[in-house]
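Per-entry structural report
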Amino acid sequence: MASETLVEVNDLNFSYGERPLLRGINMTMHRGKVIAIMGGSGSGKTTLLRLIGGAIVPTSGHVKVAGEVVHKLNRDDLFQLRRKMSMLFQFGALFTDLSVFDNVAFQIREHTDLPESMVRDLVLMKLQAVGLRGAHDLMPAQLSGGMARRVALARSIALDPLLIMYDEPFTGLDPISLTVIGNLVRRLTDALGMTSIVVTHDVQESLKIVDYVYFISDGVIAAHGTPDEVRESVAPFVHQFVHGEEDGPVTFHYPAKAYASDLKLETGLA
Amino acid sequence: MPRRVAIGIRGIGHRVIDSTWRLGYASRFFLLILLKSGTSLRRFSLVIRELYFTGVLSLIIISVSGLFVGMVLGLQGYETLQRFGAESAVGTMVALSLVRELGPVVAALLFASRAGSAITAEIGLMKATEQLAAMEMMAVDPIARVVAPRFWAGVISMPFLAAMFSVVGVFGGYLVAVVLIGVDDGSFWSQMQNAVDFRYDIVNGIIKTCVFGVAVTAVAVFEGYDASPTAEGVSGATTRTVVTSSLVILGLDFALTSFMFRGMS
């Protein structure tokens with residue numbers, strides 16, 4: 001059960017116009033695991049999530065979720081597959097015109113014909129799981145950043161998905177909310193037996209909760225391994241990233257022509 | 001010099017291609033709304049909710065504007081007509097101007113700035129805050145769930161708002177001409193009743209408002225859905241909604257009027 005493969009990324013390439021963003025990505029993700037995808041800003045992490053979710057089509061290669069090649073599905077089949085997956089957006093993306101309760105109930109009401117009494121029970125159970133049952137009648141504008149993300153988490157588990165993708169779930173949270181969200185991701189993954197893919201650059205928090213880490217740099221997988229392997233890694237990129245060093249394989253300076261020539265020093269004009 | 005000319009011509013070409021592409025995209029979007037309206041019709045509560053925001057909340061601005069426009073028509077009409085000793089025809093003038101032209105056009109312009117801009121801003125912000133993307137990921141089609149109900153609510157509320165505008169406007173004209181200036185009450189109403197034809201004036205007015213309703217709401221939802229997901233993008237889209245729909249209303253008004261009222265005495 002635990003070794004059942006849910007997501008398979010096979011020689012995936014994606015380009016925006018001429019610019020290649022992801023090159024030859026291969027990944028395997030099993031059920032019941034929390035997988036982190038780490039990398040600097042603009043390294044293509046979120047694009048990878050969008051490819052897994054079928055929002056964009058790869059240039060070559062494919063992503064298989066639950067045995068189906070995502071980009072080959074027609075819209076109806078893709079929507080069927082998406083009922084088995086969820087995505088938690090960076091700032092929650094709660095529907096601002098609906099209350100917390102209605103946000104969590106949204107998918108249940110859209111996709112099932114359950115009576116309202118059962119919808120209510122389900123929603124309250126999901127909210128209980130994230131500790132916000134008492135906040136069910138608040139509007140999203142009345143929530144703090146951490147609470148909004150917990151509501152979004154409750155909304156994303158509303159239909160008990162097989163897969164949840166988290167796009168930078170820790171961004172902009174205080175240390176308490178950060179730990180709460182981190183632990184929730186782990187607990188819900190274990191309790192529901194689903195797969196969680198966490199795109200993040202919050203190294204320390206995610207190493208505490210994940211089972212496996214992929215590092216993406218310049219559109220390729222620079223390194224991968226378990227959290228322990230990552231912590232002890234001597235690979236220059238991983239070391240720089242995990243320890244947050246300013247310079248290394250990822251340079252401080254944006255590529256430019258030689259400093260002296262930019263200041264016109266060698267022509268003697270300066 | 002020839003290089004500059006070439007750049008200029010290329011620029012014009014780009015603009016033409018871009019505009020044509022955008023027009024095609026907008027038409028396709030409009031067709032998609034129509035195709036995906038099933039959800040709105042099956043779950044009419046979605047449309048009713050939007051009717052409140054676009055229709056009911058626009059009532060005050062429409063009524064107040066209608067009152068003032070009617071009062072001004074009463075004043076101007078009296079001022080002009082009394083020169084020919086025809087001041088009792090002021091009721092006819094007020095009613096015909098409102099029902100044929102000002103009711104549909106001014107109500108649609110106000111509707112574009114009040115409700116159209118709100119629809120664009122709301123859909124644009126939903127896009128900017130990834131709510132539409134979240135909906136897509138939940139296997140719910142945003143065009144069916146968000147766009148179509150707003151579109152139909154706008155289309156339904158526009159004729160009622162224009163009717164309200166005209167009714168309050170006639171009352172405004174009555175207030176000024178009869179109550180304030182003292183035009184004869186009976187001739188004000190009876191001349192109006194004789195001159196306003198149901199088929200030619202009122203039905204044509206209603207047709208106009210329906211066309212304007214479709215045009216304004218289609219522009220508003222398209223601009224919102226097409227907005228770039230930034231603060232600048234949403235503000236630009238809101239402005240474009242008001243500008244484009246105002247121009248479309250005035251252009252369509254000329255076209256419709258020329259078909260409807262030709263040869264009428």
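Residues numbered from 1 in each chain as written. Chains lettered and ligands numbered in written order. Predicted model: local features only at pLDDT ≥ 70, side-chain atom pairs only at ≥ 80, totals over all residues.

**Quick word on the overall build of chain A**
Where we set the bar: Counting from the N terminus, the helices are DSSP H or I runs at least four residues long and the strands are E runs at least two residues long. Buried, partly exposed and exposed are defined by the number of other C-beta atoms within 10 Å of a residue's own C-beta, namely 20 or more, between the two limits, and 12 or fewer respectively, with C-beta atoms placed from the backbone. In this description, a residue-residue contact is defined by the distance between C-beta atoms placed from the backbone, which must lie within 7 Å.
What chain A contains, in helices and strands, is 10 helices and 10 strands. For chain A, the residues scored as buried account for 38% of the 270 residues in total. Intrachain contacts of chain A at a sequence separation of at least 6 include 63% that bridge at least 24 residues.

**Description of the packing of helix 5 (residues 145-156) of chain A against helix 6 (residues 175-192) of chain A**
Residue and element names in this part refer to chain A. The line we're drawing: Geometry is summarised by axes, namely lines fitted to C-alpha atoms with helices restricted to the contacting stretch, and by angles between N-to-C directions that run from 0 to 180 degrees. The labels follow the angle: roughly parallel below 35 degrees, roughly antiparallel above 145, roughly perpendicular from 65 to 115, and oblique for the rest. All residues other than Ala, Val, Leu, Ile, Met, Phe, Trp, Tyr, Cys, Pro, Asp, Glu, Lys and Arg, Gly among them, are scored as polar; the first ten of these are nonpolar and the last four charged.
Their axes nearest at 10 Å, the elements helix 5 and helix 6 cross at an angle of 10°. One finds that helix 5 runs roughly parallel with respect to helix 6. Contacts between helix 5 and helix 6 involve Gly146, Arg149, Arg150 and Leu153 on the former and, on the latter, Ser177, Val180, Ile181 and Leu184. Among the residues forming the contact of helix 5 with helix 6, the class breakdown is four nonpolar, two polar and two charged.

**A short note on the sheet that holds strand 7 (residues 163-167) of chain A**
All names here are of chain A. To be explicit about the condition: Whether two strands pair depends on DSSP finding at least two bridges between them.
Strand order in this open sheet of six strands is 6-7-8-3-9-10, and the pairing throughout is mixed. Either end of the sheet is taken by a strand with one partner, and the two such strands are strand 6 (85-88) and strand 10 (220-225). Looking at each pair of strands side by side, their axes are set apart by 20° on average, direction ignored. Two elements, strand 3 (residues 34-38) and strand 8 (residues 195-200), share five bridges in a ladder whose sense is parallel. From the neighbouring strand, Ala36 faces strand 8, where its bridge partner is Val198. Across the sheet, helix 5 lies against strand 6 and strand 7, angled at about 170° from strand 6, the strand it touches most.

**Observations regarding the interface of chain A and chain B**
Taken together, the 14 residues of chain A in the interface contact 10 residues of chain B. Only helix 2 (75-82), strand 6 and helix 3 (100-111) of chain A provide two or more residues apiece to the side of chain A that touches chain B.

**Looking at the nonpolar core**
Residue and element names in this part refer to chain B. Put simply, the test is: Buried Ala, Val, Leu, Ile, Met, Phe, Trp, Tyr and Cys residues whose C-beta atoms connect them within 7 Å together make up a nonpolar core.
Core analysis: the largest hydrophobic core is formed by 140 residues, its most contacted members being Ala108 and Val221. Looking at this core, the element that brings in the most residues is helix 5 (residues 90-128), giving 19 residues. Filtering out sequence-adjacent residues up to four positions away, Val221 remains in contact with Ile33, Ile119, Ile123, Val147, Arg150 and Phe151.

**Regarding the pairing of strand 9 (residues 212-217) of chain A**
It is a general feature of regular strands that their side chains alternate between the two faces of the sheet. Residue and element names in this part refer to chain A. Here strand 3 pairs with strand 9 via four bridges, running parallel. Paired with Ile37 across the bridge in strand 9 is Tyr214. Strand direction decides the pairing type here: strand 9 and strand 10, joined by five bridges, are antiparallel. Looking across to strand 10, one finds that Ile216 is bridged to Ile221. Hairpin geometry of strand 9 and strand 10 is characterised by an intervening segment of two residues between the two adjacent antiparallel strands and by a positive phi of about 50° at Asp218.

**Considering the sheet that holds strand 4 (residues 60-65) of chain A**
Strand pairing in a sheet relies on backbone hydrogen bonds, with the paired strands running either antiparallel or parallel. All names here are of chain A. A sheet is described by the order of its strands in space; here four strands give the open sequence 2-1-4-5, paired in antiparallel fashion. Looking at the sheet topology across the chains shown, the edges are occupied by strand 2 (19-30) and strand 5 (68-69). Where strand 1 (residues 5-16) meets strand 2, eight bridges bridge the pair, whose relative direction is antiparallel. Looking across to strand 2, one finds that Glu8 is bridged to Thr28.

**A closer look at the confidence of the model for chain A**
Which entries qualify depends on this criterion: Scored between 0 and 100, pLDDT is the confidence that the predictor attaches to each residue.
With 97% of its residues at a pLDDT of at least 70, chain A reaches an overall mean of 87. Ranking the helices and strands of chain A by mean pLDDT puts helix 3 of chain A first, with 93, and helix 9 (residues 236-242) of chain A last, with 79.

**Let's talk about the environment of B:Thr241**
Residues and elements named next belong to chain B. Checked against the element boundaries, Thr241 lands in helix 10 (residues 231-260). C-beta crowding within 10 Å serves as the criterion here: with 28 such atoms nearby, Thr241 is assigned to the buried category. The residues contacting Thr241, other than those within four sequence positions of it, are Ala112, Gly116, Ser117, Thr120, Val219, Ala220 and Glu223.

**A closer look at unusual backbone geometry**
Residue and element names in this part refer to chain A. Positive phi outside glycine occurs at Asp160, with the angle close to 45°. In this fold, Asp160 is placed in the loop between helix 5 and strand 7. Phi at Glu168 is positive, roughly 50°, even though this residue is not glycine. Looking at the element boundaries, Glu168 is found in the loop between strand 7 and helix 6. Taking the C-beta count within 10 Å as the criterion, Glu168 has 19 such neighbours and is therefore assigned partly exposed.

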